[in-house]
Amino acid sequence: MAAPASGGRGRARSCETAEQTREWMEAIASFLGRHRPLLEAHVVNFFKDRLWEMVDADWMECLRREPVESLLMLPSGCVQDHWPSSLQEFILTARSLVLPREQKSPQSFLPNSRVASIGTVLAQGMNSKKKHEIEALSGIVDAIARSRGAKTVVDVGSGQGYLAQALSFEYQLAVIAIDASSHHASVTNTRAERIKKHYAAKCVEKQQFKVPRTVTCHVLSSDTLAAVTLDACQDDHGEHITETNNCNQSIPQIEQPNHSIPQLVLAGLHACGDLSVNMLRVFVSCEQVQALVSVGCCYNLLSEDTDTCPGFPISKAAKSSKLVLGKSIRDLACQSAERWRNLTKEMALQNFDIHAFRAAFQMVLEKYFPEVSRLSPSIGRQGKALRRQRLRKVMESHLAMGKADDLSYPNCKEQHMNTDGSLPTEPTAPKGAVECCSNELCTGDTYSTSAVVGSSISRVNVGPSDTNLDECCKFTLFKDFTISGLGRLGCGFVEDVNLLEIWKDVQHFTEFIGPFWCLRAALGPLVETYILLDRLLFLQEQGSAVEASLFPLFDPAMSPRNMALVAWKLTGDPLEPSHGNASHA
């Protein structure tokens, strides 16, 4: 196996200057343009539109024979020597244009930074991922705040206040926590008071611990964010108390900067969609905001191609390039190469099966429910999670029966026939299998389809049971998936839906689903890189008064959205980050 691309095909990329960033983005745009059909493909239409035919036939023929482990390494830039040279070139070139994501220590970026370990009281309620993120991010925010002489931090999209509380209690910074949810503000306040009592009890000397000040606000624009931020600082000069302000009404724009307001640092941990972009605009426009530390996420929620201030693109160069992504491609940017390569073979095959079932389900809609199909229906995240859970449990139950060779199905006819020889009206689970879905309680040999899908589906013609054993197992799971999906779409009474006929039409091509999805996922980190570089370039276009860098702050396997955009204004003694670690590819 060839090693993953490191440093790229050709010269290394850098984004230390605006010109270098523009060149990098132009290279990405050119590459994405050449593979636009693959980017825009919807896997739900895999069978309907015969999407495998848009990919080089030699690529698909090669990849369909590859072990799953090799496919999972595609997004990481790993290739095999025996692959077609054009396929190797595609994978390695894509990887060479991606920002390096390997985590680096905060000290390599800011030598004077320190990372405080979060104790059990402060970490209460955090999972290991969140604790990892809070420890690393709070250290960077503290170092930048001290360097800029800022004692107040605005935590944008604060959620339940984990970052705000770490900055308050571990680093003694005044914090304003802004979130759209009043429930989150209530949780933040309650939790902060409990933590305050703990810290006060530990402190020998009399010390006044501040808790984050919470502000509930739907931030719909940078003007709103600027107004609520400066308003929250207006009276107390950073001496914040626990308070919840509701500011869902229209807020006027700031007319003149108020010099009595303290110097601020904006911080955001996975602020969704446009919220991260609004932070950048406030940083540029507000005199009091001296620095910014932003880790974005949810690129699919970005606004695009609007007449107002879009979330993408925001740099002048990206706007002039006319590259349009669209929601489907932005959603692809959320793919993680690290998560892909850490999947087990079993998890990967299960995911590929889910994609195959969903694409085959689309064929059912096309044939029997064309009006529903034209609406581009979504079965919903809850439905997908339910089906994954059920698929996993069914497969586990099969293996637990100790008949791995036939997956506990003595024969397909027995599986699909009632004791009287007739076809069942409800799918039958293998003996001993017990489903544990939230809306279903069952014991014994059968389970109620109506309890799962909540609809009046009466009969589905599964056709004759003459497939081989492996196909029988897959078809049974597809049938279960389809009945559940139809129920969630409220399709109601169904007569003569021949699922077996549809499954026979598509099952030969299911082997292409895994390779196709992995090839498409390999472009995801490239799309994310373009979006991040667009944000960096927006700041670089402000001129020499602003310094900005992208820095891999978290472990990408633990936190896939791990790139922090760090910026500060050069109004005093400049910070001294180690640029080589932050921006070279």
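Scroll up to find the structure.
Let me sum up the structure you'll find in this document. (Residues numbered from 1 in each chain as written. Predicted model: local features only at pLDDT ≥ 70, side-chain atom pairs only at ≥ 80, totals over all residues. Heavy atoms only, no water.)

Some words on unusual backbone geometry
So, point 1. Cis geometry marks the peptide bond from phenylalanine 312 to proline 313; its omega dihedral reads -10°.
So, point 2. Although it is not a glycine, arginine 50 adopts a positive phi angle of roughly 50°.
So, point 3. Take arginine 50: it is sitting in the loop between helix H2 (36-40) and helix H3 (57-63).
So, point 4. The residue cysteine 298 is not glycine, and still its phi comes out positive at about 50°.
So, point 5. You can see cysteine 298 is positioned in the loop between strand S6 (289-297) and helix H12 (316-321).
So, point 6. You can call cysteine 298 partly exposed: its relative accessible area is 23%. (Helix = DSSP H or I, 4+ residues; strand = E, 2+ residues; numbered from the N terminus. Buried < 20%, exposed > 50% of the residue type's maximum accessible area, 1.4 Å probe, protein only.)

Comments concerning the pairing of strand S1 (residues 152-156)
So, point 1. When you tally the buried positions in S1, you get five out of five residues, the bulk of the element.
So, point 2. Residues Thr152, Val154 and Val156 line one face of S1 and the alternating positions Val153 and Asp155 line the opposite face, and both faces are buried.
So, point 3. With five bridges joining them, S1 and strand S2 (residues 174-179) adopt parallel strand pairing. Across the sheet, residue threonine 152 finds its bridge partner in S2, namely alanine 174.
So, point 4. Read from S1 through helix H8 (residues 162-169) to S2, the crossover connection turns out right-handed. (Pairing = 2+ DSSP bridges. Right-handed = clockwise from strand over helix to strand, strands pointing away.)

Remarks on the pattern of salt bridges
So, point 1. Tallied over the full model, the rule gives 16 salt bridges.
So, point 2. Residues arginine 64 and glutamate 61 are paired through a salt bridge, measuring 2.8 Å at the closest nitrogen-oxygen approach.
So, point 3. The salt bridge involving arginine 65 is made with glutamate 61; its shortest N-O contact spans 3.0 Å.
So, point 4. Classification of arginine 65 as exposed rests on a relative accessible area of 55%.
So, point 5. Each of Glu61, Arg64, Arg65 and Glu511 takes part in one network of salt bridges that share partners. (Salt bridge = Lys/Arg side-chain N within 4 Å of Asp/Glu carboxyl O.)

What about the pairing of strand S7 (residues 546-552)?
So, point 1. In terms of burial, S7 is a largely internal element, six of the seven residues being buried.
So, point 2. Pairing of S7 with strand S8 (residues 563-569) involves seven bridges; the strand directions are antiparallel. Bridge pairing links alanine 548 to alanine 567 in S8.

Examining the side chain of glutamate 133
So, point 1. Tracing the backbone through its elements, the reader meets glutamate 133 in helix H7 (residues 128-148).
So, point 2. Here the side chain of glutamate 133 touches lysine 129 through a polar contact of 2.7 Å, side chain to side chain. (Polar contact = N/O pair within 3.5 Å; in protein donor to acceptor, adjacent residues only side chain to side chain.)

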